[in-house]
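Each chain, letter by letter, is given below.
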Amino acid sequence: MKLLRRTLIATAALVALGAQAAATVGQPAPDFTLKDATGKTVRLSDFKGKHVVLEWTNPGCPFVRKHYDSGNMPATQKDATGQNVVWLAVNSTEKASSDYLEPAKLTAWVTERKAVPTAVLMDEEGTVGKSYGARTTPHLYIVNPQGVLVYAGGIDSIPSARPADIEKATNYVKVGLSEALAGKPISAATTQPYGCSIKYK
């Protein structure tokens, strides 16, 4: 019953976003073109042949700060990029939101925390976030080298803003990537994302 209620809430959230055709695990990941924080154009399809992690982020969110300030998100990124995985951090916060950081400030925030995403992408219109059905920050996705979405959900198994919980949690992204890189199916391909709601336009 609880699961059904959660599913209904998740579905309602997607419908509210107008993202009924949101990305689905097992289906091709929606291609997109965005500018990164330095103004360079980045296309998802440019990375065909590699595993790609998409991470929805917003430094104004306590759940995002939990994973960045503790060093957990930077360590997960380093682990991934060290294995030739592309990591794209996407910010879909609209410009009118008090959480919005202009590209230079967002880059500085990421750098201060020694984070190493391949690129930080600006999605102020929210088009890409909505096409994926991204609901929270953080919300994470893994795309395989064939361009198929193989994971969608939370970074880990304990939905709290407490850094003390990180050690006890299962890092779904780390586990999923290690399985995918070993050529195995991801054991938990869809999990419950948690965090702050994305401040869409």
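This is a predicted model, so every value here is computed, not measured.

Describe the pattern of salt bridges, and please don't skip the residues or the numbers.
When their charged atoms lie close together, side chains carrying opposite charge are able to pair. By the definition in use, this model includes six salt bridges. Note that lysine 201 and glutamate 125 form a salt bridge whose closest N and O atoms lie 3.0 Å from each other. You can see lysine 201 sitting in the segment after β9 (196–197) and its partner glutamate 125 sitting in the loop between β5 (119–122) and α5 (127–132), a full 76 residues away along the chain. According to the relative accessible area criterion, lysine 201 is exposed, its value standing at 56%. Assessed through its relative accessible area of 48%, glutamate 125 is described here as partly exposed. A salt bridge links arginine 162 to aspartate 165, with the nearest nitrogen and oxygen atoms 2.9 Å apart. A relative accessible area of 52% means that arginine 162 is categorised as exposed. Using a relative accessible area of 5% as the deciding quantity, one classes aspartate 165 as buried. Each of Asp69, Glu112 and Arg113 takes part in one network of salt bridges that share partners.

Calculation notes
- Residues numbered from 1 in each chain as written.
- Predicted model: local features only at pLDDT ≥ 70, side-chain atom pairs only at ≥ 80, totals over all residues.
- Heavy atoms only, no water.
- Salt bridge = Lys/Arg side-chain N within 4 Å of Asp/Glu carboxyl O.
- Helix = DSSP H or I, 4+ residues; strand = E, 2+ residues; numbered from the N terminus.
- Buried < 20%, exposed > 50% of the residue type's maximum accessible area, 1.4 Å probe, protein only.

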